[in-house]
Amino acid sequence: METIFALASAQGRAGVAVIRISGPDALYAAKTLTHSLPNDRVAGLRSLFDGSGALLDKALVLCFAGPHSFTGEDVVEFHLHGSIAVVQAVMKELSNGSSVRLAEPGEFTRRALENGRMDLAQVEGLADLIESETEAQRVQALKTVSGHLGDLVEGWRSSLIRSASLIEATIDFADEDVPVDVSPEVRGILQSVRDELVREIDGSHVAERIRLGFEVAIIGPPNAGKSTLLNALAGRDVAITSDIAGTTRDVIEVRMDLNGLPVTFLDTAGLREGQDTVEQIGIDRALDRAKQADLRVVLAEDGRDFGLDLTDDDIVVAPKADLTGQGISGLTGVGVEGLLKSVQTTLSKRSSTAGLATHERHRVAMTETHSVLRTVLPLIDRGPEHYDIAAEELRTAVRSLEALIGRIDVENLLDEIFASFCLGK
Ligand SMILES: Nc1nc2c(ncn2[C@@H]2O[C@H](COP(=O)(O)OP(=O)(O)OP(=O)(O)O)[C@@H](O)[C@H]2O)c(=O)[nH]1
Ligand SMILES: [K+]
Ligand SMILES: [Mg+2]
C-alpha cells in the first residue's frame, strides 16, 4: 500500500491549512520534516525543515496510529500556517521523499471504506456533508455519516439470512415425520422487514429532496409579475422584468436557504398560447418544470390551473396586490414574507417524513429487496415444497442489501461516488 498525502483544507489563504499523510510510511515521511514526532493523538508544535535543514514552517503535528484513524492506516496531520507558499513548500518537500505520493480525490475516504472504517452509505453521507449548505442538509448528512442507514440495513440483512436458514433447515429435514413448522416465525420476520422497507422507500423521496434541494416553480400568465416576485424573493435583480408580455423564456433559478431548508425558486415563462416558436419552447419548459417541481406558486387572479393538476399544497395567489388590495406584490413587497412562510411551512412539514435513505441508489436496492419479499411471502404460505425457491430468492435480496452498504459489488460504484469528492478527503 502506497503512502499518500494531500492538502485536506481548502486551497488559498486561511488561518490554518491542514496537510494529511496516510499509509505505512506516514510517520516516517512526517519525521523526515519534523525530526521528532509527538506522541500518538497528542498535538505537538514542531518546526518543519527541508532536506537542507532550512525552516519551512512551524506547525501543529498530530499522529494517529492505525487502525484508530480516519483511513484505518497510520495518519499524520500538519496544521500549518494557511499560506499558499507554506503549503506549496511543505507539499514539495513531501513529494521529494520517495515513499509518498499525492493522493487522488477521495482516496483517503476510499481507504477508510476498504479498511472497514465506514460503509458505502456513510461514504455517501460524508460527500453530502461536505456539500451541505443548509441546516437540514447538515443534519441529514450527519445522520448518514453516523451509520444509521447501515445499521438498519444490517438488521434487515440478518433477518433475511435467519429466515433463509430457517426454511433451508426445514428442507434438509423434509423427510422426517413431523418437521417443525417454521412458517409463522419466517412470516413474522419477513413482514416486519417488508413494512420497514416500505416506510424507508417512502421516506427516501423527501430525504433526496432535502439533499438536492426542493424546487418551487412560480407560474402564471404573462406580465403577472413572476420575475418581479422572484427578484423580491431573492433580494436582488436576477431576472429581467418589463411590461412586455413574454419577457421571460428560460427558466431562471434562485437557490435560497429557507430557515435551514434548501429551496430553489424557479421563474418561468408566462403561460399563454405562444406568439412565436421561441416563446412556445419557453412555455413548454415552464409547464415541464412546474410539473416536476415540489411546489407551485400560481400568480393568477382567476384560479386557473393551466392544466397542471394543482395539489392542496400549491399556493394560488393574486398578483399586484398594490393595485387590487389583495394578494401579493413583488413590486412593493406586500405578502412576500407571508409567501416565504407558507412555502417553508409546507416543505418543513414534508421534510419531517424523511427517512434514512437519501440516494436513488439506496431506493433501488430497497425496492429490489421489497419486490423479492412480495414474491417470497406467498411461497412461505404455500408450504415447504416451495421453500427451496424461497430461500434462493432471499439470498438474492440479501445481495441487494449488501450492495447498498458496499459489502459487495462496490468497484463499479466507487469511481462514480468518489468522482464527487474533493482532493484531500
Ligand atoms: N403595480 C405592480 N406592477 C407590477 C408588480 N409586479 C410586476 N409589475 C409590473 O408588471 C410588469 C410585468 O412584470 P414581470 O415581472 O416582467 O412579469 P412576468 O410575469 O415575469 O412577465 P413574463 O416574463 O413576460 O411572463 C412590469 O412592468 C412590472 O413592473 C406589482 O406587484 N405591482
Ligand atoms: K413581462
Ligand atoms: Mg418574467
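Computed from a prediction, not measured in an experiment: that's the story for all the values here.

1. A word on the overall build of the chain
- A tally of helices and strands in the chain yields 14 helices and 11 strands.
- Taking 2.2 N^0.38 as the reference for a compact globule, 425 residues should give roughly 22 Å; the C-alpha atoms of the chain span a radius of gyration of 29 Å, well beyond that estimate.
- Its C-alpha atoms put the chain at 85 × 75 × 35 Å along the principal axes.
- The 425 residues of the chain split such that 41% are buried.
- Put simply, 64% of the contacts in the chain that link residues at least 6 apart link residues at least 24 apart.

2. Details of the site of ligand 1
- The local shell around ligand 1 holds 22 residues, among which Gly225, Ser227, Thr248, Gly270 and Ser329 are the closest.
- Put simply, the parts of the chain that give the shell around ligand 1 at least two residues each are helix H8 (226-234) and helix H10 (321-324).
- With three residues, the top contributor of residues to the shell around ligand 1 is H8.
- Among the residues forming the shell around ligand 1, the class breakdown is six nonpolar, 12 polar and four charged.

3. Side note on the pairing of strand E8 (residues 252-258)
- Pairing geometry for E8 and strand E9 (residues 261-267), over seven bridges, is antiparallel. Paired with Leu258 across the bridge in E9 is Leu261.
- Between E8 and the antiparallel strand that follows it, E9, lie two residues; Asn259 among them carries a positive phi value of about 50 degrees.

4. What about the nonpolar core?
- Judged by nonpolar contacts, the single largest core of 106 residues is most densely connected at Ile19, Val76, Val216, Ile218 and Val263.
- Here this core takes eight residues from helix H13 (residues 387-404), the largest share from any one element.
- Residues from two domains meet in this core; each of domain 1 (3-114) and domain 2 (120-405) gives at least three.
- If sequence neighbours within four positions are ignored, Ile218 has contacts with Lys226, Leu229, Leu230, Phe265, Leu266, Asp267, Thr268, Val297 and Leu299.

5. Section: the sheet that holds strand E7 (residues 214-219)
- Across the sheet, five strands lie side by side as E8-E9-E7-E10-E11; this open sheet has mixed pairing. This sheet does not close on itself; its edge strands, each paired only once, are E8 and strand E11 (315-317). For this sheet, the mean angle separating the axes of adjacent strands, direction not counted, is 20 degrees.
- Most of the contacts of helix H9 (residues 277-292) go to E7, to which it runs at about 135 degrees, and overall it touches E7, E9 and strand E10 (295-299).

6. What about the UniProt feature "binding site: (6S)-5-formyl-5,6,7,8-tetrahydrofolate" (unreviewed entry) in the chain?
- With numbering aligned to this structure, UniProt lists the feature "binding site: (6S)-5-formyl-5,6,7,8-tetrahydrofolate" (unreviewed entry) at Arg20, Glu77, Arg117 and Lys425.
- Judged by the 21 C-beta atoms lying within 10 Å of it, Lys425 is buried.
- Not counting the four nearest positions on each side in its chain, Lys425 is found in contact with Gly106, Phe108, Thr109 and Ile130.

7. Quick notes on unusual backbone geometry
- At the junction of Gly66 and Pro67, the peptide bond is cis and its omega measures out at 5 degrees in the coordinates.
- Take Pro67: it is sitting in the loop between strand E4 (55-64) and strand E5 (75-81).
- Of note, His35 is a non-glycine position whose phi angle comes to about 70 degrees, a positive value.
- On the secondary structure map, His35 appears in the loop between helix H1 (26-34) and strand E3 (44-49).
- Among the residues examined, His35 registers 12 C-beta atoms within 10 Å and is labelled exposed.

What counts and what doesn't
- Every residue gets a number counted from 1 within its own chain, in the order that chain's sequence is written.
- Key to labels: chains lettered from A, ligands numbered from 1, both in the order written.
- Side-chain atom pairs in this predicted model are given and counted only at pLDDT of 80 or more, local residue features only at pLDDT of at least 70, and totals for whole chains, interfaces and linings cover all residues.
- Numbering of helices and strands runs from the N terminus, with a helix taken as a DSSP run of H or I at least four residues long and a strand as a DSSP run of E at least two residues long.
- This radius of gyration counts C-alpha atoms alone. The globule rule is 2.2 Å times how many residues there are, raised to the power 0.38.
- To sort residues by exposure, count the other C-beta atoms lying within 10 Å of each residue's C-beta; 20 or more gives buried, 12 or fewer gives exposed, and values between give partly exposed, all with C-beta atoms placed from the backbone.
- With C-beta atoms placed from the backbone, a contact is any residue pair whose C-beta atoms sit within 7 Å.
- Using a C-beta atom placed from the backbone, a residue is scored as near a molecule or strand whenever that atom is within 6 Å of it.
- Residue classes follow a fixed rule: Ala, Val, Leu, Ile, Met, Phe, Trp, Tyr, Cys and Pro count as nonpolar, while Asp, Glu, Lys and Arg count as charged, and any other residue, Gly among them, counts as polar.
- One bridge is not enough; two strands pair if DSSP finds at least two bridges between them.
- Here, a nonpolar core means buried Ala, Val, Leu, Ile, Met, Phe, Trp, Tyr and Cys residues linked by C-beta atoms lying within 7 Å of one another.
- Boundaries between domains were set according to an automatic or database domain assignment.
- Throughout, an axis means a line fitted to C-alpha atoms (over the contacting stretch in the case of helices), and angles, computed between N-to-C directions, take values from 0 to 180 degrees.
- UniProt positions are given in the numbering used here, feature names are shortened, and annotations may be inferred rather than shown by experiment.

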